[in-house]
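Observations on the model geometry
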Amino acid sequence: MKKGIILLLLSLVLLSCHREEKKAEETAYAYLSALANYKVEEAEVYATSETRETTLALSKQLLAMVDTSYIISDTPAEINIQELVIHDDTLATVKYVKNTPLKHNMQGELQLVKRDNQWQVHDMLK
């Protein structure tokens with residue numbers, strides 16, 4: 001009986017961890033895909049308030065200066081999540097590769113934080 005309860009609890013823990021990884025990966029992918037395809041407003045939904053106020057605000061300003069023909073020539077973008085590491089209950093890191101028609105194999109890393117029970121991208125300017 002004890003073995004059955006232990007196995008059930010272990011299964012629940014593993015299922016919960018898998019669910020958290022999936023949520024974090026989906027958030028990172030949605031954010032990265034929106035930005036890579038020049039859709040800053042769509043990326044805001046997945047970002048922390050600090051990211052919206054700094055990185056994304058600057059992105060909007062810069063995007064306003066980009067020629068529409070360049071944007072068309074550089075889309076669609078493809079994002080491939082290479083690795084997701086959940087460090088603890090509130091911090092995760094994602095490694096990814098971005099490919100666009102004009103740029104290939106651009107590797108990057110993105111930090112996610114969990115706030116209000118939701119994973120959010122914390123993409124601060126360095």
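Quick note: structure is the one above.
Residue positions within a chain follow its written sequence, with the count starting from 1. Only residues with pLDDT of at least 70 are given local features in this predicted model, and only at 80 or more are side-chain atom pairs given and counted; all residues enter the totals for whole chains, interfaces and linings. Side-chain metrics in this entry use all non-hydrogen atoms of the structure; hydrogen atoms and water are not considered.

1. Looking at the side chain of Lys-114
Inspection of the secondary structure puts Lys-114 in strand E3 (residues 106-115). Here, residues are in contact when the closest pair of their heavy atoms is within 4.5 Å. Apart from residues no more than four positions distant in its own chain, Lys-114 is found in contact with Glu-20, Asp-89, Thr-90 and Trp-119. Helix and strand labels come from DSSP, where a helix needs a run of H or I of at least four residues and a strand needs a run of E of at least two; each type is numbered from the N terminus.

2. A short note on helix H3 (residues 49-63)
A helix is expected to reach a length of 1.5 Å times the quantity of its residues less one. Taking 1.5 Å per residue as the helical rise, H3 with its 15 residues ought to reach 21 Å, and the 20 Å between its terminal C-alpha atoms agrees with that figure. If you look at H3, its biggest bend is around 35 degrees, right at Leu-56. When H3 is considered as a whole, its buried residues turn out to be Thr-51, Thr-55 and Leu-56. Take the seven residues that end at a residue and the seven that start at it, fit an axis to each, and the angle between those axes is the bend at that residue. Relative accessible area decides the class of each residue, using a 1.4 Å probe on protein chains only: under 20% of the type maximum gives buried, over 50% gives exposed, and in between gives partly exposed.

3. Quick word on the pairing of strand E4 (residues 118-121)
Paired strands, in this sense, are two strands between which DSSP finds at least two bridges. Sheet topology note: the E3/E4 ladder contains four bridges and is antiparallel. Across the sheet, the residue bridging to Val-113 is Gln-120, located in E4. Between E3 and E4, which pair antiparallel in sequence order, lie two residues; one of them, Asp-116, sits at a positive phi of approximately 50 degrees.

4. Quick notes on the sheet that holds strand E2 (residues 91-99)
One open sheet holds the four strands; their spatial order is E1-E2-E3-E4, and the pairing between them is antiparallel. On the outer flanks of this sheet lie strand E1 (78-88) and E4, each paired with one strand and no other. In this sheet, adjacent strand axes meet at a mean angle of 30 degrees when their direction is disregarded. With axes taken as lines fitted to C-alpha atoms, and helix axes fitted only over the stretch in contact, angles between N-to-C directions fall between 0 and 180 degrees.

5. Observations concerning the environment of Lys-126
The topology assignment puts Lys-126 in the segment after E4. Judged by relative accessible area, Lys-126 falls into the exposed class, the value being 96%. Sequence separation of Lys-126 and Thr-55 is 71 residues, and the distance between their C-alpha atoms is 9.7 Å.

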